[in-house]
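Fold and contact review
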Amino acid sequence: MKKNKRNTARRFFVTLMIMVWMVVAAVPAFAAPKVRKAEYEGKGRVEVDFNSKVRYKNVKVTVKDNKGASYSTKINEKDDDDLTFTIKNFKTGRTYTYTISGVRKSGEKNYGSVTGKVSIPVPATTPRVKKADYDREDREVEFEFTGRVQWKGAKVTITDGSRNYVTRILEKDSDSIEVKVGKLTVGKKYTYKISGVRVKDASSYKTISGTFIARDN
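So, here's what we can say about the structure.

Now for the sheet that holds strand 13 (residues 176-181). Pairing is antiparallel in the open sheet, where four strands are placed in the order 9-10-13-12. Bordering the open sheet on either side are strand 9 (129-135) and strand 12 (166-172), each of which pairs with just one other strand. Strand after strand, the sheet turns through a mean of 20 degrees between neighbouring axes, direction not considered. Where strand 9 lies against strand 10 (residues 140-145), six bridges are found, and the strand directions are antiparallel. Each bridged residue has a counterpart across the sheet, and for aspartate 133 the counterpart in strand 10 is glutamate 142.

Here's what the structure looks like:
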């Protein structure tokens, strides 16, 4: 009698597992698109690039920061391989977790959600020089900045401690400035000072200084 009960229980368990497997197999899997990169573009705007073609249906974006606060969003653009949205009333210096719902890989049937993270840094207040290039043939020095800058009454000096080698400013750009100089000694270190420059949209203009070695480029 006990043996019959054990056999009945075993058959019931096997039947139950088969039924569970059939239900699971009948539910189509969602092959979620993967995010290739998420890039912060400034002013709360984030671009999410997918690594495959995607389709949308009633797409929404929800956002929370690393402190647990939720933010409203606005979808700016959506393409077949990227989506751009804006985080409203964002705060700098925080990491944001975003969830894009109503998206699927092209060729799949079911829509689902994709989650990722992006950081909004605290903006720099002082411009920084990325590099200084000396052109010995044309006697020009170009200073490149790490980000976009603005100008007002710009002045540049390059000295070796005894004289200023800058004769005039040739060109000011949104991320660089180029000056005409007297002949510099290749391999020698020089000190520069650049005034009347600010990080784009910063509140005040700054004077920055540093050193570089004249190399013939």
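After presenting the structure, the write-up continues.
Okay, the sheet that holds strand 8 (residues 112-120) next. Pairing is antiparallel across the open sheet formed by four strands, whose spatial order is 4-3-7-8. Edge positions in the sheet fall to strand 4 (70-71) and strand 8, since each has one partner strand and no second. Relative to strand 4, strand 3 (residues 54-65) is paired through two bridges, and the arrangement is antiparallel. The residue of strand 4 that forms the bridge with lysine 64 is serine 70.

A full pass over the atoms with the stated rule returns nine aromatic pairs. Centroid distance phenylalanine 143 to phenylalanine 212: 5.9 Å. Interplanar angle 90 degrees. Geometry classified as edge-to-face. Here phenylalanine 212 lies in strand 15 (residues 206-213) and phenylalanine 143 lies in strand 10, a separation of 69 residues in the sequence. Since its relative accessible area comes to 8%, phenylalanine 212 is described here as buried. When the centroid spacing of 6.4 Å and the interplanar angle of 40 degrees are considered together, the rings of tyrosine 192 and phenylalanine 212 count as tilted.

Rules and cut-offs
Residues numbered from 1 in each chain as written. Predicted model: local features only at pLDDT ≥ 70, side-chain atom pairs only at ≥ 80, totals over all residues. Heavy atoms only, no water. Pairing = 2+ DSSP bridges. Helix = DSSP H or I, 4+ residues; strand = E, 2+ residues; numbered from the N terminus. Axes fitted to C-alpha atoms, helices over the stretch in contact; angles between N-to-C directions. Phe/Tyr/Trp six-rings, centres within 6.5 Å; stacked < 30°, edge-to-face > 60°. Buried < 20%, exposed > 50% of the residue type's maximum accessible area, 1.4 Å probe, protein only.

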